Amino acid sequence: MAILVLGGAGYIGSHTVYALAEAGRDVVVADNLVTGFRAAVHPKARFYKADIRSRADMDALFEKESIDGVIHFAAFSQVGESMRDPLKYYENNVCGTTSLLKSMVAHGVDKIVFSSTAATYGEPERVPILETDRTFPTNCYGETKLAMEKEMYWTGVAHGLRYVALRYFNACGAHPNGQIGEAHNPETHLIPLILQVPNGQREKISVFGDDYPTADGTCIRDCIHVNDLAQAHILALDYLMGGGKSDVFNLGNGVGFSVKEVIDVARKVTGHPIPAEICPRRAGDPAQLVASSDKAKSVLGWKPELDDLETIVRSAWNWHRAHPKGYGA
């Protein structure tokens, strides 16, 4: 029986596929390659160019392959774009998940791990955020991810589907083997943007606000190494295969790093001064976004192993330095 990874050519998906393949699991990858890269897929995985929005594509997959469980990464994830083009996000994220779930029900596949987001919480009521805190997204991306979670919940009520939704913030870093890493166009994530400076792709990094109520005045974000996230998805799937009930888990380091801290570590790792320019705050940027992952640790047995900021940045730098144009170079 195989594991189907939807969006397995994307950033977190490809790292999860690598972890599954390296553990000797039988892996099937489906990706429409709109934001993913064929070169990022592990050579041992069977790849299908397929679109989650197409019921025919999904049915063909389940008819050809014997699938025991699904890990779902197939979603658009740019917050700014979601606000400019919300219908694109509803069509792909929500309608695509509807198509997938219909096909899963029709073919008797009843286990799914979902790559959700802590953006489902919106402005945090407290730090660190707990799974029981209210969900009130402040952007369309978070709203669609919450809707996808609810689709799975109600499909479970009606058809016995069991799901795990993993809510996390800033995936970062790259595989220690240097073969796969982060590549987005346009790039919006902090660490890749910082590393574009020593890579000669920008002159400076912009820091949006230095007057927040934090130790150094800059925003604090939860940074999780992508390999640790990959392991959490596998543990969640094994939890469901072992009979675990549907549930939601946060994934975080529980501490968080400030923007200035990340820049300082990048300077150390790269040996480059990395000029930084203080800019006005961006609307809607909370001072701190840090998630408690105590539940994931106790129930799933998850333990981040690459949680040191220097380790995270160094792995990212190894990738970006060797692949300044992502999978295009």
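Summary of the structure given here. Small disclaimer: the values here were computed from a predicted structure and weren't measured.

### Digging into the overall build of the protein
- Each helix and strand counted, the protein has 10 helices and 14 strands in total.
- Whereas a compact globule of 329 residues would reach a radius of gyration of roughly 20 Å, the protein reaches 19 Å, a difference of no more than 12%.
- In the protein, which comprises 329 residues, the proportion classed as buried is 56%.
- Taking contacts inside the protein between residues at least 6 apart in sequence as the whole, the part at least 24 apart equals 76%.
- Surface exposure of the protein reaches about 13900 Å², of which carbon and sulfur atoms provide 51%.
- Each charge class in the protein can be summarised by its mean position, and for the 33 positive and 39 negative side chains these summaries are 2 Å apart.

### A look at the pattern of salt bridges
- Using the criterion set out here, one finds 19 salt bridges in the structure.
- Between Glu91 and Arg53 there is a salt bridge, and its shortest N-O distance comes to 3.9 Å. Separated by 38 residues along the polypeptide, Glu91 in helix α4 (residues 86-106) and Arg53 in the loop between β3 (46-49) and α2 (55-64) bring together distant segments of the chain.
- With relative accessibility at 32%, the residue Arg53 sits in the partly exposed group.

### Describing the sheet that holds strand β4 (residues 67-72)
- Sheet architecture is open: 7 strands sit in the order β3-β2-β1-β4-β5-β6-β11, paired in parallel fashion. In this open sheet, the two edge strands, each paired with only one partner strand, are β3 and β11 (247-251). Across the sheet, the mean angle from the axis of one strand to that of its neighbour is 20°, orientation sign disregarded.
- In this sheet, β11 lies alongside strand β6 (residues 162-168) in parallel orientation, the contact comprising 5 bridges. Along β11, the bridge assignment pairs Arg167 with Asn250.
- Against the sheet, α2 engages β1 (2-6), β2 (27-31), β3 and β4, with an angle of about 160° to β1.

### What about the packing of helix α1 (residues 11-22) against helix α7 (residues 226-241)?
- Two elements in contact, α1 and α7, have axes whose closest approach is 8 Å; the angle formed by their N-to-C orientations is 65°. Handedness of the α1/α7 crossing: right-handed. Only Val226, Asn227, Leu229, Ala230, Gln231, His233 and Ile234 of α7 make contact with α1, whose side of the interface consists of Tyr11, Ile12, His15, Thr16, Ala19 and Leu20.

### Here we look at the environment of Ile194
- By secondary structure assignment, the location of Ile194 is in helix α6 (residues 190-195).
- Apart from residues no more than four positions distant in its own chain, Ile194 is found in contact with Ile205, Val262, Ile263, Ala266 and Ile274.

### Topic: the packing of aromatic side chains
- Scanning all chains against the criterion turns up 5 aromatic pairs.
- Note on Tyr153 and Trp154: the rings are 4.8 Å apart at their centroids and 80° apart in plane angle, and the pair reads as edge-to-face.
- Since its relative accessible area comes to 56%, Trp154 is described here as exposed.
- Aromatic pair Tyr239 and Phe249: ring centres 6.1 Å apart, planes at 90°, arrangement edge-to-face. Linking Tyr239 in helix α7 with Phe249 in strand β11, this pair joins segments that are 10 residues apart in sequence.
- A residue is classified by how much of its surface remains accessible, and Tyr239, at 17% relative accessible area, is buried.
- You can call Phe249 buried: its relative accessible area is 0%.
- An aromatic cluster is present here, built from Phe37, Trp319 and Tyr327 joined pairwise through their rings.
- The ring of Tyr212 has Arg281 lying over it, and the distance from NZ or CZ to the ring centre is 3.9 Å.
- The ring of Phe249 has Lys295 lying over it, and the distance from NZ or CZ to the ring centre is 5.1 Å.

### Side note on the layout of surface pockets
- One number sums up the size of the second largest pocket: a volume of about 220 Å³.
- Forming the walls of the second largest pocket are 17 residues, and the residues nearest its centre are Ala183, His184, Pro324, Lys325 and Gly326.
- Looking at the lining of the second largest pocket, its residues break down into 6 nonpolar, 8 polar and 3 charged.

### Some details on the packing of helix α8 (residues 259-270) against helix α10 (residues 309-322)
- Contact pair α8 / α10: the axes reach a minimum separation of 9 Å and the direction vectors enclose 60°. It follows from the interaxial angle that α8 and α10 lie oblique. Note that α8 runs across α10; the crossing there is right-handed. Residues Glu261, Val262, Val265, Ala266, Lys268, Val269 and Thr270 of α8 form the contact with α10, whose participating residues are Leu309, Glu310, Val313, Arg314 and Trp317.

What counts and what doesn't
Residues numbered from 1 in each chain as written. Predicted model: local features only at pLDDT ≥ 70, side-chain atom pairs only at ≥ 80, totals over all residues. Heavy atoms only, no water. Helix = DSSP H or I, 4+ residues; strand = E, 2+ residues; numbered from the N terminus. Rg over C-alpha atoms; globule rule 2.2 N^0.38 Å. Buried < 20%, exposed > 50% of the residue type's maximum accessible area, 1.4 Å probe, protein only. Contact = heavy atoms within 4.5 Å. Areas by Shrake-Rupley, 256 points an atom, 1.4 Å probe, with all protein chains shown as cover. Lys, Arg positive; Asp, Glu negative; His and termini not counted. Charge placed at Lys NZ, Arg CZ, Asp CG, Glu CD. Salt bridge = Lys/Arg side-chain N within 4 Å of Asp/Glu carboxyl O. Pairing = 2+ DSSP bridges. Axes fitted to C-alpha atoms, helices over the stretch in contact; angles between N-to-C directions. Left-handed = near helix turned anticlockwise from the far one by under 90°. Phe/Tyr/Trp six-rings, centres within 6.5 Å; stacked < 30°, edge-to-face > 60°. Lys NZ or Arg CZ within 6 Å of the ring centre and 35° of its normal. 1 Å grid on protein atoms, 1.4 Å probe; cavity = no way out; pocket = protein on both sides within 12 Å on 5 of 7 lines; lining within 4 Å. Points joined across faces, edges and corners; volume = space filled by probe spheres on them. Nonpolar A, V, L, I, M, F, W, Y, C, P; charged D, E, K, R; others polar. Parallel < 35°, antiparallel > 145°, perpendicular 65-115°, else oblique.

Taken by themselves, the reported measurements are silent on function.
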